[in-house]
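Descriptive structure summary
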Amino acid sequence: MRRQLRSATMLLVSLVASTTYGSTLFPKTIDFATDSTGTPLANGQAVTDTSGVPTLAVSDLFVLSAPQSAGVNTDNLGLAIFDSDPVGPNIDPPGKDGDLLVDQGNVLILQNDAFPTQTTPGIFDTPNDEASNGNNGYLLFEFVDPVELVAIDVVDIDDNESLTITLTDTGGLTRTFSVPEHFTNDIADEGPAGFETILLLVLSDQEGEGTGGPTTAVEDLGFDEVRVVKLEIALGGSTSAAFNNLVIGGVTTMEIPEPAAMALLLVAASSGLYARRR
């Protein structure tokens, strides 16, 4: 049921908002399978240096970094790629990270500083998300042109882990999603999925598979969801989490869908289409 709802959501988005800007067809899903040139991203590949400064572009639509500040991102080695295939390269490495084996291809993590070795420069031998309690993690997507953000997948938001996802528009106004502790299950211990999709066009509560309650959203009056220039993800409790499938609806230099088409999306959002089966 959950997978059917997810497919229906993405199909509806594509029907009401599909368009082309330059050589990019929207909606576009960033799944961290390749970099901006189409070159496959390797398991363990560093996306930033150990200070969180970008070392490669995963998309030409945004710059991705993990900035350091006082007490933030100082206990991890920056952003890296983790292959979540349950029978793939991470099934039995040192420091096995079974709670990320959610079968969703490559996911984005903050690399654990307990596993710094890179036999091949730029690729961690043992990709593993940072899990020290009390650490604060921070991911920053800065968009080249204003965009509409549709959804993002969050992985392993279980005990002692929570998120704040903030979208900022060209006027500095924000929409903020609070993702509670135990929003997803730990797939290694509880199953069944280990990840959830946060819909970024929806202000109503969104239930997860876990027992921690729904994700809630608030926004500044006048926030413009089709002119987002920044996406920030702040991790609380620990930096043990992963992200995938950022769905971008389009850039604002494209033709915006007719109001009736956008109304269809909003009506669907308020109906049972987006309901989760707990």
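What counts, and at which threshold
- Residues numbered from 1 in each chain as written.
- Predicted model: local features only at pLDDT ≥ 70, side-chain atom pairs only at ≥ 80, totals over all residues.
- Heavy atoms only, no water.
- Salt bridge = Lys/Arg side-chain N within 4 Å of Asp/Glu carboxyl O.
- Helix = DSSP H or I, 4+ residues; strand = E, 2+ residues; numbered from the N terminus.
- Buried < 20%, exposed > 50% of the residue type's maximum accessible area, 1.4 Å probe, protein only.
- Phe/Tyr/Trp six-rings, centres within 6.5 Å; stacked < 30°, edge-to-face > 60°.
- Core = buried A, V, L, I, M, F, W, Y, C linked by side-chain atoms within 4.5 Å.
- Contact = heavy atoms within 4.5 Å.
- Patch = residues over 30% accessible without salt bridge, like charges linked within 9 Å, V, L, I, M, F, W, Y side chains within 5 Å.
- Areas by Shrake-Rupley, 256 points an atom, 1.4 Å probe, with all protein chains shown as cover.
- Lys, Arg positive; Asp, Glu negative; His and termini not counted.
- Charge placed at Lys NZ, Arg CZ, Asp CG, Glu CD.
- Pairing = 2+ DSSP bridges.
- Polar contact = N/O pair within 3.5 Å; in protein donor to acceptor, adjacent residues only side chain to side chain.

1. Quick notes on the pattern of salt bridges
Taken as a whole, this structure holds two salt bridges when the rule is applied. Two residues, Arg175 and Glu219, come together in a salt bridge whose shortest N-O distance is 2.8 Å. A residue pair is termed long-range when its members are at least 10 positions apart, and Arg175 in strand β9 (residues 174-179) and Glu219 in strand β11 (residues 216-219) qualify at 44 residues. The class of Glu219 is partly exposed, set by a relative accessible area of 33%. A salt bridge links Glu225 to Arg175; the shortest N-O distance between them is 2.9 Å. One end of the pair, Glu225, is in the loop between β11 and β12 (228-236); the other, Arg175, is in strand β9, with 50 residues separating them in the sequence. Overall, Glu225 belongs to the buried group, its relative accessible area being 18%.

2. Concerning the packing of aromatic side chains
For the coordinates displayed, the defined rule picks out two aromatic pairs. Ring geometry for Phe62 against Phe141: centres 5.2 Å apart, planes inclined by 65°, an arrangement best described as edge-to-face. With Phe62 in strand β4 (residues 62-65) and Phe141 in strand β7 (residues 137-155), this residue pair connects regions lying 79 residues apart in the sequence. Of the two residues, Phe62 and Phe141, both sit in the buried class. For the pair Phe62 and Phe143, a centre-to-centre distance of 5.6 Å together with 70° between the ring planes defines the contact as edge-to-face. Of this pair, Phe62 sits in strand β4 while Phe143 sits in strand β7, and the two are 81 residues apart along the sequence.

3. Observations concerning unusual backbone geometry
Note: most peptide bonds trans; most residues except glycine with negative phi. The backbone of His182 shows a phi angle near 60°, a positive value even though the residue is not glycine. Tracing the sequence through the fold places His182 in the loop between β9 and β10 (195-199). For His182, a relative accessible area of 10% gives the class buried. Of note, the phi angle at Asn245 is positive, near 55°, even though the residue is not glycine. Locating Asn245 in the fold gives a position in strand β13 (residues 242-251).

4. Section: the nonpolar core
Counting 41 residues, the largest nonpolar core has Phe62, Phe141, Leu149, Ile165, Leu246 and Ile248 as its most contacted members. Of all the secondary-structure elements, those providing two or more residues to this core are β4, β5 (76-83), β6 (106-112), β7, β8 (162-169), β9, β12 and β13. Of all the elements, β7 adds the most residues to this core, at seven residues. In this structure, Leu246 is in contact with Lys28, Thr29, Ile30, Phe62, Phe141, Phe143, Leu149, Ala151, Ile152 and Leu231, ignoring residues within four places of it in sequence.

5. Brief notes about a negative patch on the surface
A surface patch of like charges, here negative, comprises Asp159, Glu181, Asp189 and Glu190. You can see Asp189 is positioned in the loop between β9 and β10.

6. Details of the pairing of β8
Across the eight residues that make up β8, a large majority, six, are buried. By the bridge criterion, eight bridges tie β8 to β12 in an arrangement that is antiparallel. By the bridge assignment, Thr166 is partnered in β12 with Glu232. Between β8 and β9, which pair antiparallel in sequence order, lie four residues; one of them, Gly172, sits at a positive phi of approximately 85°.

7. Here's the deal with the side chain of Glu130
Within the secondary structure, Glu130 sits in the loop between β6 and β7. The class of Glu130 is buried, set by a relative accessible area of 1%. From its side chain, Glu130 meets the backbone nitrogen of Asp113 in a polar contact 3.0 Å long.

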